[in-house]
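Close look at the chain arrangement
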Amino acid sequence: MTDQLADLQKAIVEGDDTQAARLVEAALAHGLPALDILNKGVVAGINKAGELWAANKYFLPDVILAADAFKAAMLPLEPRIKASRGAQPTHKFVIGVVQGDMHDLGKSLVIAMLTSAGFEVVDLGIDVPHDRFVQAVQQHQPAIVGLGAYMSTTMLEMKDVIGELKKQGLRERVKIMVGGVPTSQEFADEVGADAWGKDALQTMQKALALVGGSHG
Amino acid sequence: MANPTLEMIHGLLYSKGLHFGHPSGLARIVGGMSGGMMDVVPFLGPQIHDHAMTVAKLPARLYYWDASLLVDTHLAVDRWYGFDSDTVVADAYNFEVEALGAKMIYSDNAMPTVDVGSPLIKQAADLDRLGPLDPSKGRIPMAIETGRLFMKKAPGPISGGFFCSHWSMICQAMGYPKAVRAIKRDKGFATALFDWVNDQVLLPFMRAYARAGVKNANGADAWAAFPNLTPELVEEWVLPYARKLREQCKKELKMNAAAGAAAADYCEEDPSKFDKEMMFRCLAVGVKTFPLKVAPSAMGRTQDWNMTWLREFAEKEGKNGKKIPITASLNGRFMRDSTPDQIVAKLAQWIDILGRDGGMIVFIGNVPADTPPLNIHTAVKATHTLGHYPISADLSTIKVSPPAYRPFDEWLKGQPEAEVIFKAREWKPGRTAVVA
């Protein structure tokens, strides 16, 4: 079982989406708990890719492939995690990387953390235009919208997204979190966000606080 | 002296120590690019299209469709700032995919943008469907006219047309993540994409340029900057196709097509991840995209760079103890968000490290639309004041007084471009045929 999770971790680090999905299916078939597969295989893998990125051993193309493998692994896993929570109420979290920004890794980590904490995550992807955030809020009525950016140029888009939500009369219906390398608490305050996620773990903790404590 | 050939010769001679006459901007750039010392450190005209539009208060829906207006506005704004050369480009990454039918977003006050939600290429079969570029479509005729007018009105070695280089065009046509998946997982498809860009899109475009008498064209490739691509991927994909296009154009069209500009540009955003070895690997590949050997910086977070690294690289690449020339590029956001004092201090630091022995050219890596004009005027004045040769042993003793300049509109009156620009402000949608 340990080998299976180690292989899954490796498949995600190496960006092998086909292998990652296959290993998740196999682990589920072997009866491994979905949350164990998530935390010890999928999250561990994407965390390792993050470490390699931080250490200048991985670059954006590697990160994109690792994120692809992460998503492929999550597909068979998510329904099982949801099912394991039974009828407990869940909060929706709409997340996306703002327009002009292609950095997926941080978002993938946040999604993994939020999923393990019981949120139902709607992933809008990367390079998301303002209007798609607005549409997603209208369509999914999430508790929280998370805006991510890796670059100091693109983080300025966050202010525009929040402005657009205000313009459409949606701002008061939803909490907004911002995160990503160039952001800070000061920046979050400046753009009018409800919380700043310094990293994936803190994002999950603050998201739970915003919806009134742990759930799921 | 209004003869560009004579100006270039003047620059070369002046930079070798034959000081006669007052060097023109072009002479300064040529002298600086040859590694020599001019009267001052030169300031290369930056990519400035949307800032120039903002300064000149022009409607985007006219400006980005009217070659004459675009060129005249660039030349006027460049002259107002006192740059030593001009760079005239529009939204260089869009023209080809737009002409091939990509969905675009047009706006009243910003440049056209590709709608990333509706990619032009979703699968390999789309390449056959799209076929070759028809240079009469979209704004391709406007690009060709822009190149022709630029060469006519500001002749020189860097005047000419623009185009979107191979890798960036693939990203524009299908989105960066899908393009990455192709080069990492499906080399056959990736090769088909690069071949399609080269043979079906860029060659027809270059032929149209050549027919109009445009003999130079520069291809932008910011999507190939680091860390979007590693220097190794740039070597594997970007450089061979840049070389291929250059050779084809030279042989068939007697034209200089320089693809891959800004490929491998070191654009690490996080200063804690700055890495000298990686920067050198990027610079070593970046040098290969230039017709001249220069240590390039362009769009990176240069305000936080250790410029002794850039100097060390230039010395390493030089011969007989002489460094290769350096383009020291001020980051666009730094220019927009800094105070004039911060800009002066940064330039003093850079000139001290890079400029004392000549071969330094200052540049801005794309000027954001909302950059305060005071900041640009300050940068040009500081470069020409602090960078006045011989450079002071102690630059802290040189005072750079605030630049004195008239507001653009007041200055524009009586300039050759005045009528075109003032008239364009009266334009209303519907008066001129634009596709937007």
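Residues numbered from 1 in each chain as written. Chains lettered and ligands numbered in written order. Predicted model: local features only at pLDDT ≥ 70, side-chain atom pairs only at ≥ 80, totals over all residues.

**A look at the overall build of chain A**
Definition in use: Secondary structure counts use DSSP, requiring at least four H or I residues in a row for a helix and at least two E residues in a row for a strand, with both numbered from the N terminus. The globule rule used for comparison is 2.2 Å times the number of residues to the exponent 0.38, while the radius of gyration itself is calculated over C-alpha atoms. Any residue whose C-beta has 12 or fewer other C-beta atoms within 10 Å is treated as exposed, any with 20 or more as buried, and any in between as partly exposed, C-beta atoms being built from the backbone. We call two residues in contact if the C-beta atoms placed from their backbones are at most 7 Å apart.
Helix and strand content of chain A: nine helices and five strands. Ordered by position in the sequence, the α and β elements of chain A form the string α-α-α-α-β-α-β-α-β-α-β-α-β-α. A globule of 216 residues ought to have a C-alpha radius of gyration of about 17 Å, and chain A, at 17 Å, matches this closely. Projected onto its principal axes, the C-alpha positions of chain A cover 50 × 45 × 25 Å. Looking at chain A as a whole, 52% of its 216 residues are labelled buried. When contacts within chain A are restricted to residue pairs at least 6 apart in sequence, long-range pairs at least 24 apart make up 75% of them.

**Digging into helix 2 (residues 17-29) of chain A**
Helical geometry note: an α-helix holds 3.6 residues per turn, so side chains three or four residues apart project in the same direction. Residue and element names in this part refer to chain A. Quick reminder of the rule: In this scheme, a helix's expected span is set at 1.5 Å multiplied by one less than its residue total. An arc is given here, and it is the one of the directions from the helix axis to the C-beta atoms.
Between its terminal C-alpha atoms helix 2 stretches 18 Å, which fits the 18 Å expected from 13 residues at 1.5 Å a residue. Where helix 2 is concerned, the buried positions are D17, A20, A21, L23, V24 and A27. Here the buried residues of helix 2 occupy an arc of 165 degrees about the axis, which is enough to place them on one side. Residues of helix 2 that are exposed and angled more than 90 degrees away from the buried face: T18 and A29. Each element contacted by the buried residues of helix 2 is listed here: helix 1 (2-13), helix 3 (34-54) and helix 4 (60-84). Of the residues one or two after helix 2, G31 is the one with positive phi, at around 90 degrees.

**Brief notes about the pairing of strand 1 (residues 92-97) of chain A**
All names here are of chain A. Rules: Strand pairing is assigned whenever DSSP detects at least two bridges linking the two strands. A clockwise path from the first strand over the helix to the second, with the strands pointing away from the viewer, defines a right-handed crossover.
The element strand 1 is largely enclosed, with a buried count of five among its six residues. Across four bridges, strand 1 lies against strand 2 (residues 120-123) in parallel orientation. By the bridge assignment for strand 2, I95 is matched with D123. In this fold, strand 1 hands off to helix 5 (residues 105-116), which returns the chain to strand 2; that crossover is right-handed.

**Let's talk about the packing of helix 9 (residues 166-174) of chain B against helix 11 (residues 187-211) of chain B**
Residue and element names in this part refer to chain B. Defined as follows: Lines fitted to the C-alpha atoms define the axes, with helices restricted to the stretch that makes contact. Angles between their N-to-C directions range from 0 to 180 degrees. Reported orientations rely on four angle classes, namely roughly parallel under 35 degrees, roughly antiparallel over 145, roughly perpendicular from 65 to 115, and oblique for the rest. When residues are sorted by character, Ala, Val, Leu, Ile, Met, Phe, Trp, Tyr, Cys and Pro go into the nonpolar class, Asp, Glu, Lys and Arg into the charged class, and all the rest, Gly among them, into the polar class.
Viewed as axis vectors pointing N to C, helix 9 and helix 11 meet at an angle of 105 degrees, and their least axial separation amounts to 9 Å. As summarised for this structure, helix 9 and helix 11 are arranged roughly perpendicular, according to the angle between their axes. Counted together, H166, M169 and I170 of helix 9 and L193, F194, V197, N198 and V201 of helix 11 form the full contact between these two elements. Class assignment of the residues belonging to the contact of helix 9 with helix 11 gives a composition of six nonpolar, two polar and no charged.

**Re the sheet that holds strand 1 of chain A**
All names here are of chain A. Read from one edge to the other, the open sheet built from five strands follows the order 2-1-3-4-5, with strand pairing classed as parallel. Looking at which strands have only one partner, the edges of the open sheet turn out to be strand 2 and strand 5 (195-197). Strand-to-strand twist in this sheet, taken as the mean axis angle between neighbours without regard to direction, amounts to 25 degrees. Bridge count between strand 4 (residues 175-179) and strand 5: three bridges; the pairing is parallel. Considered in strand 5, the bridge of M177 is made with A195.

**Focus: the domain arrangement of chain B**
Interface extent is often summarised as the accessible area lost during association of the parts. Residues and elements named next belong to chain B. How we decide: An automatic or database domain assignment provides the domain bounds reported here.
Partitioning chain B into structural domains gives domain 1 (30-59 + 73-87 + 287-436) and domain 2 (89-264). Taken together, the contacts link 14 residues of domain 1 with 19 residues of domain 2. Looking at the side of domain 1 that touches domain 2 residue by residue, the classes come out as six nonpolar, five polar and three charged.

**Examining the interface of chain B and chain A**
Facing 17 residues of chain B, the contacting portion of chain A comprises 16 residues. Per-element accounting of the side of chain B that touches chain A gives the leading share, four residues, to helix 10 (residues 176-185) of chain B.

**Section: the environment of V294 of chain B**
All names here are of chain B. By the element assignment, V294 lies in the loop between helix 13 (276-286) and strand 6 (295-296). Separated by 65 residues in the primary sequence, V294 and G359 have C-alpha atoms spaced 9.1 Å apart. Setting aside chain neighbours within four positions, we find V294 in contact with M33, V287, I324, P325, I326 and T327.

**Quick word on helix 1 of chain A**
All names here are of chain A. The end-to-end C-alpha distance of helix 1 is 16 Å, a good match for the 16 Å that 12 residues give at a rise of 1.5 Å each. Inspection of helix 1 places L5, L8, Q9, A11, I12 and V13 among the buried residues, and these make up the whole buried set. Residues of helix 1 that are buried sit in contact with helix 2, helix 3 and helix 4. Remark: G15 follows helix 1 within two positions and exhibits a positive phi of approximately 75 degrees.

**Here we look at the domain arrangement of chain A**
Residue and element names in this part refer to chain A. Under the domain assignment used here, chain A contains domain 1 (1-84) and domain 2 (86-216). A separation of 22 Å is found between the C-alpha centroids of domain 1 and domain 2. With 18 residues of domain 1 at the interface, the matching set in domain 2 holds eight residues. The greatest single-element share of the side of domain 1 that touches domain 2, amounting to 10 residues, is contributed by helix 3. Among the residues making up the side of domain 1 that touches domain 2, the classes are represented as 14 nonpolar, three polar and one charged.

**Re the pairing of strand 5 (residues 256-261) of chain B**
Residue and element names in this part refer to chain B. In terms of burial, strand 5 is largely enclosed, as five of its six residues are buried. Bridge count for strand 4 (residues 216-220) against strand 5 is four bridges, and the pairing is parallel. Residue pairing in the sheet places N216 in a bridge with N256 of strand 5. Read as a crossover between parallel neighbours, the route from strand 4 over helix 12 (residues 231-253) to strand 5 is right-handed.

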